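# Tertiary structure, described
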Amino acid sequence: MPVSTPTPAPAAPRPVRVLLVEDDELMRRSFTVSLERYGYTVRAAADGLTGLESFRDEDFDLLILDVMLPGLDGIGLCRKVRETSLVPVLMMSARGDGLDIVSGLEAGADDYVVKPVDTNVLVARIRSLLRRATYAPAPAAGPAGPAAEQEPGPSEGELLTFGDLTIHTGGLDVAVAGTPVALTPTELKLLLEFAAHPGIVLERHTLLRNVWDYGWDGDSRVVDLCVQRLRGKLGRDRIETVRGFGYKLRR
């Protein structure tokens, strides 16, 4: 009688690795303990230069950067990170200062929170960023289930063309005039949202809900700054502003 070979158990998923750069020792410890309770692996740094060294030495799935840091501030650190990486970045601002927020988003951050921040809110933002980082459009409806159960967006493997802009939704590749364009996860998901509704005006609160997973009308500057970054990479005229309403992708 043949002996059956037991099927090996699937490997446990690797814990999400988070780099936290926060100069306040009490907050740094508090955030670290809280995130570790949710199953994240946290590497903490107390200043921007140490954070940059840690980022260069290890692989992280997400960065949380305070704006006000000694040595190299969070905005400068974010710029350094964006020179080589598209890893999701969440900025923290102690004052909620508009200039801090805008500067952080312009530097390439994907989102921000204002301290003090509730742990549940912080974890919700982290999960949203990680979903964007692993986002892929769902395949077209088939025998497995109706389209209503799938995430909206262009079908898998589709090649979308808007002038000299091309988007391959299967490989999540974007090019302008044949030249590949590197987008952060948030920029990519925002572009895919526009591509799913070409020529249609999308209001800011709709984009906040569908791209940033905000269940409320958050700060629209997040949308405006991300659109600005997209324009810088795709061409200034590719995404049109419809004053008083929102934005649309030109066909």
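The shown structure was predicted, so the numbers you read here are calculated from the model rather than taken from an experiment.

On inspection of all chains with the given rule, the structure shows 1 cavity of 30 Å³ or more. If you add up the space inside the largest cavity, you get close to 50 Å³. Lining the largest cavity we find Val 67, Met 91, Ser 93, Asp 100, Ile 101, Gly 104, Leu 105, Ala 109, Asp 111 and Tyr 112. Of all the secondary-structure elements, those providing two or more residues to the lining of the largest cavity are strand S4 (89-93), helix H4 (98-106) and strand S5 (111-114).

Before going further, it helps to spend a moment on the confidence of the model for the chain. With 82% of its residues at a pLDDT of at least 70, the chain reaches an overall mean of 83. For residues 136-155, every residue scores under 50 in pLDDT, and the model assigns this stretch 29 contacts once sequence neighbours within four places are set aside.

So, on to the sheet that holds strand S3 (residues 62-66). Taken in spatial order, the 5 strands line up as S2-S1-S3-S4-S5 in an open sheet, and their pairing is parallel. Looking at which strands have only one partner, the edges of the open sheet turn out to be strand S2 (41-45) and S5. Pairwise comparison of adjacent strand axes, ignoring direction, gives a mean angle of 20° for this sheet. In terms of strand pairing, S3 meets S4 through 4 bridges, oriented parallel. Paired with Ile 64 across the two strands is Leu 90, which belongs to S4. Along the sheet face, helix H1 (residues 25-37) touches strand S1 (17-21), S2, S3 and S4 and points at about 170° away from the line of S2. Set on the sheet, helix H5 (residues 119-133) makes contact with S3, S4 and S5; between it and S5 the angle comes to about 180°.

Another aspect to go through is the environment of Asp 59. Here Asp 59 is to be found in the loop between helix H2 (48-57) and S3. The sequence separation of Asp 59 and Leu 19 amounts to 40 residues, and the corresponding C-alpha distance is 9.2 Å.

Sheet architecture is open: 4 strands sit in the order S6-S7-S8-S9, paired in antiparallel fashion. Pairing within the sheet leaves two strands with one partner each, and these edge strands are strand S6 (159-162) and strand S9 (179-180). Across 4 bridges, S6 lies against strand S7 (residues 165-168) in antiparallel orientation. Paired with Thr 161 across the two strands is Thr 166, which belongs to S7. Most of the contacts of helix H6 (residues 185-195) go to S7, to which it runs at about 100°, and overall it touches S6, S7 and strand S8 (173-176).

Conventions and cut-offs
- Residues numbered from 1 in each chain as written.
- Predicted model: local features only at pLDDT ≥ 70, side-chain atom pairs only at ≥ 80, totals over all residues.
- Heavy atoms only, no water.
- 1 Å grid on protein atoms, 1.4 Å probe; cavity = no way out; pocket = protein on both sides within 12 Å on 5 of 7 lines; lining within 4 Å.
- Points joined across faces, edges and corners; volume = space filled by probe spheres on them.
- Helix = DSSP H or I, 4+ residues; strand = E, 2+ residues; numbered from the N terminus.
- pLDDT = per-residue confidence, 0-100.
- Contact = heavy atoms within 4.5 Å.
- Pairing = 2+ DSSP bridges.
- Axes fitted to C-alpha atoms, helices over the stretch in contact; angles between N-to-C directions.

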